[in-house]
Amino acid sequence: MQLRIAGIVENSIVDGEGIRYTIFVQGCPHACPGCHNPQTHDFQGGTLTETETLLKAIADDPLLDGVTFSGGEPFCQAAVLAELGKQIHALGLNLVTYTGYTFEELLAGNRPDWMALLKETDILIDGRFEQDKKSYDCRFRGSTNQRYLDAKASMQAGKAISLIEE
């Protein structure tokens, strides 16, 4: 399977707990003012990459605690990422997914590909970046409106379950 990506960071410590392999997907409909990754907005940009190539690099790194899908907007390539997420879990790693959508918007969309990616996600960091709420004090997030959610508990409860007390 192919995934359109903007780039990767092989050993990130800022995109979730522990050492992470971060995949920045290409394409985002949100175009949040002040976005940290505006180069990822163009859906025709980036490069097509085989998921098998990414998975091999992930499997070959014994230092990783998990993988992070960032962007761009991961839910614009949800079906491919959900499948990759299954393979990442099979390696014993956890998965963090960043999204500009809120958990509630994803549920309301009721798209099978979105639900599949949500089911594979362990931690969901949701919400659009809001420049007027930018904060360097938000753990793993850019603005105070964004949430750090337990995706599995949230799916089970049908409502957002935060893992960080603010």
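What you see is a predicted model; the values in this text were computed from it and never measured.

Caption draft 1: Representation of the sheet that holds strand β7 (residues 147-150) within the structure. Taken together, seven strands build an open sheet; the order of strands is β3-β1-β2-β4-β5-β6-β7 and the sheet is mixed. Every other strand in the sheet has two partners, leaving β3 (47-50) and β7 as the edge strands with one partner each. Neighbour to neighbour, the strand axes of the sheet diverge by 30° on average, direction disregarded. Relative to strand β4 (residues 66-70), strand β2 (residues 20-25) is paired through five bridges, and the arrangement is parallel. Of the residues in β4, the one forming a bridge with Y21 is V67. Contacts from helix α1 (residues 51-59) reach β1 (2-12), β2, β3 and β4, with the element oriented near 65° to β3.

Caption draft 2: Molecular detail of the nonpolar core. Among the nonpolar cores identified, the biggest contains 30 residues, and I23, V67, F69, F75 and I88 are the most heavily contacted of them. Those elements giving two or more residues to this core turn out to be β1, β2, α1, β4, α2 (78-90), α3 (103-109) and α4 (112-120). Once residues within four sequence positions are removed from consideration, F75 is found in contact with T97, T99, Y101, L106, W114, L117, L118 and L124. Counting seven residues, the second-largest nonpolar core is a separate cluster that includes V96, F140, Y148 and I164.

Caption draft 3: Molecular detail of the packing of α1 against α2. Between α1 and α2, the shortest axis-to-axis distance is 11 Å and the interhelical angle comes to 30°. Classified by the interaxial angle, the pair formed by α1 and α2 is roughly parallel. In this structure, the crossing between α1 and α2 has a hand that is right-handed. Residues T51, L54, L55 and I58 of α1 touch α2, and the partners they reach there are V80, L84, Q87 and I88. Broken down by class, the residue content of the contact of α1 with α2 amounts to six nonpolar, two polar and no charged.

Conventions adopted
Residues numbered from 1 in each chain as written. Predicted model: local features only at pLDDT ≥ 70, side-chain atom pairs only at ≥ 80, totals over all residues. Heavy atoms only, no water. Pairing = 2+ DSSP bridges. Helix = DSSP H or I, 4+ residues; strand = E, 2+ residues; numbered from the N terminus. Axes fitted to C-alpha atoms, helices over the stretch in contact; angles between N-to-C directions. Contact = heavy atoms within 4.5 Å. Core = buried A, V, L, I, M, F, W, Y, C linked by side-chain atoms within 4.5 Å. Buried < 20%, exposed > 50% of the residue type's maximum accessible area, 1.4 Å probe, protein only. Parallel < 35°, antiparallel > 145°, perpendicular 65-115°, else oblique. Left-handed = near helix turned anticlockwise from the far one by under 90°. Nonpolar A, V, L, I, M, F, W, Y, C, P; charged D, E, K, R; others polar.

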